[in-house]
Amino acid sequence: MRRTMMGRSHALSGWVVGLAVAPMVGLTSVAEVVPFAAATAGYALVPDLDHPGGSASRLLGPVTGLISSAIRTFSGVLYNLTKGPRDEDSTGKHRHATHTLAAAIGLGMLAASLGDRGKWAVLAVAATGLLLAAHVLGDWILIAVLGATAYSVLGTALPGTTPADALQAGLSGIGGWIGVAVGLGMFTHCLGDSLTRSGCPWLWPLPIRGETWYEIRLPRMLRFSTNSWVERLVVVPVLLAGGVLLLPGALEIVEQLFNSTSIWLADH
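Residues numbered from 1 in each chain as written. Predicted model: local features only at pLDDT ≥ 70, side-chain atom pairs only at ≥ 80, totals over all residues. Heavy atoms only, no water.

**Structural notes on the overall build of the chain**
Okay, step 1: Looking only at helices and strands, the chain features 10 helices and 0 strands.
Okay, step 2: Written out in order from the N terminus, the α and β elements of the chain read α-α-α-α-α-α-α-α-α-α.
Okay, step 3: Out of the 268 residues in the chain, the part that is buried amounts to 44%.
Okay, step 4: In the chain, of all internal contacts separated by at least 6 residues, the share reaching a separation of at least 24 is 66%.
Okay, step 5: Counting every atom, the chain has about 14,000 Å² of accessible surface; 67% of that belongs to carbon and sulfur. (Helix = DSSP H or I, 4+ residues; strand = E, 2+ residues; numbered from the N terminus. Buried < 20%, exposed > 50% of the residue type's maximum accessible area, 1.4 Å probe, protein only. Contact = heavy atoms within 4.5 Å. Areas by Shrake-Rupley, 256 points an atom, 1.4 Å probe, with all protein chains shown as cover.)

If you want it as structure tokens, here you go:
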């Protein structure tokens, strides 16, 4: 339950951040914003590939389990090679290599470079993010993204354009933002972990107080534990509200409902 709850919080935070950042990368319509936010939500789970019980590690059973094992081994080696004189005595496997800004930027750049290697590679990266998000948040996100994608590919196609041409255009559009979604999702995860008592060393390899794996944390009184009442009753509801209100046009609908209710109350 502990890991499931935090995984859901990470995915929801990725969804919310994706909705907020989408306009900054030129995505404004629902057909563009929803797939971007879904990919960001999915890749907000990727840092926990360094934990055998993480949602990403369990996604494809033995396949992702093997990837998780390799990542933990690499992370442990990297920790031992780069730890500072005041870093703690740790295996360096969980919340280390994949929980850094460097990893987020690196994987984001790798995903972005796939645009030059072929549209199907881009689709595979986007689909992986979507499957990760659906694994934790539920099938509703699959339905939302598939509907938005279908509209984007078919509903906006120019007259005389074949479905194949429309699909290629849609994949080109995804290739323009997939790297941002990957890196943004992973870094959102790091920021989320920085809210917890354990913190997150996302500034590696910057040395701070003799530590190259210095855990960034909130002040002690503001930290919370994974699956605590703060996460369940404060963090998750706030993320759910943000995940709805930040959808394109949602705030305008809420404003119209508020105005209509105010007018009705004034008349009665």
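Next comes the rest of the account.
**Notes on the packing of aromatic side chains**
Okay, step 1: This model, assessed by the stated rule, comprises 5 aromatic pairs.
Okay, step 2: A ring pair is formed by Trp 15 and Trp 140, whose centres lie 5.6 Å apart and whose planes are at 85°; its orientation type is edge-to-face. Taken as a pair, Trp 15 in helix 1 (residues 2-21) and Trp 140 in helix 7 (residues 140-155) lie far apart in primary sequence, 125 residues in all.
Okay, step 3: Looking at Trp 140, the relative accessible area reads 42%, which means it is partly exposed. (Phe/Tyr/Trp six-rings, centres within 6.5 Å; stacked < 30°, edge-to-face > 60°.)

**Quick word on the pattern of salt bridges**
Okay, step 1: Enumeration according to the criterion identifies 1 salt bridge in this entry.
Okay, step 2: Of the charged contacts in the structure, one is a salt bridge between Arg 95 and Asp 193, with a shortest N-O distance of 3.1 Å. On the criterion of sequence distance, the pair formed by Arg 95 in the loop between helix 4 (62-82) and helix 5 (101-113) and Asp 193 in helix 8 (residues 163-193) is long-range, its members being 98 residues apart.
Okay, step 3: In this structure Arg 95 comes out as buried when scored by relative accessible area, which is 14%.
Okay, step 4: Residue classification places Asp 193 among the buried positions, given a relative accessible area of 1%. (Salt bridge = Lys/Arg side-chain N within 4 Å of Asp/Glu carboxyl O.)

**Quick word on the side chain of His 96**
Okay, step 1: Mapped onto the elements, His 96 comes out in the loop between helix 4 and helix 5.
Okay, step 2: Of the polar contacts made by the side chain of His 96, one reaches the backbone oxygen of His 94; its length is 2.7 Å.
Okay, step 3: Excluding residues within four positions of it along the chain, His 96 makes contact with Asp 50, Ser 75, Tyr 79, Ser 90, Pro 201 and Trp 213. (Polar contact = N/O pair within 3.5 Å; in protein donor to acceptor, adjacent residues only side chain to side chain.)

**Some points on the nonpolar core**
Okay, step 1: Core analysis: the largest hydrophobic core is formed by 47 residues, its most contacted members being Trp 15, Ile 141, Trp 177 and Ile 178.
Okay, step 2: Elements supplying a minimum of two residues to this core: helix 1, helix 2 (30-43), helix 5, helix 6 (119-137), helix 7, helix 8 and helix 9 (229-245).
Okay, step 3: Tallying contributions element by element places helix 6 first for this core, with 9 residues.
Okay, step 4: In contact with Ile 178, not counting residues within four places along its chain, are Ala 39, Ala 111, Val 122, Val 125 and Ala 126. (Core = buried A, V, L, I, M, F, W, Y, C linked by side-chain atoms within 4.5 Å.)

**Let's talk about unusual backbone geometry**
Okay, step 1: Here the bond from Trp 204 into Pro 205 is cis, since omega is 5°, no more than 30 degrees from zero.
Okay, step 2: Mapped onto the elements of the fold, Pro 205 is located in the loop between helix 8 and helix 9.
Okay, step 3: The phi angle at Arg 209 is positive, at roughly 55°, despite the residue not being glycine.
Okay, step 4: Within the secondary structure, Arg 209 is located in the loop between helix 8 and helix 9.

**Quick notes on the packing of helix 2 against helix 6**
Okay, step 1: Taken N-terminus to C-terminus, the directions of helix 2 and helix 6 make an angle of 70°; their axes are 7 Å apart at the nearest point. By the angle between their directions, the pair helix 2 and helix 6 is classed as roughly perpendicular. Residues Ala 38, Ala 39, Ala 41, Gly 42 and Tyr 43 of helix 2 lie in contact with helix 6, whose contacting residues are Val 125, Thr 128, Gly 129, Leu 130, Leu 132, Ala 133 and Leu 137.
Okay, step 2: Its residues assigned to classes, the contact of helix 2 with helix 6 shows 9 nonpolar, 3 polar and no charged. (Axes fitted to C-alpha atoms, helices over the stretch in contact; angles between N-to-C directions. Parallel < 35°, antiparallel > 145°, perpendicular 65-115°, else oblique. Nonpolar A, V, L, I, M, F, W, Y, C, P; charged D, E, K, R; others polar.)

**Description of the confidence of the model for the chain**
Okay, step 1: The predicted model of the chain averages 83 in pLDDT, with 82% of residues at 70 or higher.
Okay, step 2: Per-element averaging of pLDDT across the chain places helix 10 (residues 250-267) at the bottom with 65 and helix 4 at the top with 95. (pLDDT = per-residue confidence, 0-100.)

**Some points on the environment of Thr 98**
Okay, step 1: One can find Thr 98 in the loop between helix 4 and helix 5.
Okay, step 2: Of the residues examined, Thr 98 reaches a relative accessible area of 12% and is grouped as buried.
Okay, step 3: As for Thr 98 and Val 46, which are separated by 52 residues in sequence, their C-alpha atoms are 7.9 Å apart.
Okay, step 4: Setting aside its immediate chain neighbours within four residues, Thr 98 contacts Pro 47, Asp 50, Ile 71, Ala 103 and Met 186.

**Digging into helix 2**
Quick reminder: α-helices carry 3.6 residues per turn. Residues three or four places apart thus point the same way.
Okay, step 1: With 14 residues, helix 2 extends 20 Å from end C-alpha to end C-alpha; this agrees with the ideal 20 Å at 1.5 Å per step.
Okay, step 2: All buried positions along helix 2 are accounted for by Ala 31, Val 33, Val 34, Pro 35, Phe 36, Ala 37, Ala 38, Ala 39, Thr 40, Ala 41, Gly 42 and Tyr 43. (Expected span 1.5 Å × (residues − 1).)

**A short note on a nonpolar patch on the surface**
Okay, step 1: Where nonpolar side chains cluster on the molecular surface, the patch consists of Trp 229, Leu 233, Val 234 and Val 238 and spans about 440 Å² of accessible area.
Okay, step 2: Looking at the secondary structure, you find Val 234 in helix 9.
Okay, step 3: Accessibility expressed as a relative area gives 39% for Val 234, which makes it partly exposed. (Patch = residues over 30% accessible without salt bridge, like charges linked within 9 Å, V, L, I, M, F, W, Y side chains within 5 Å.)

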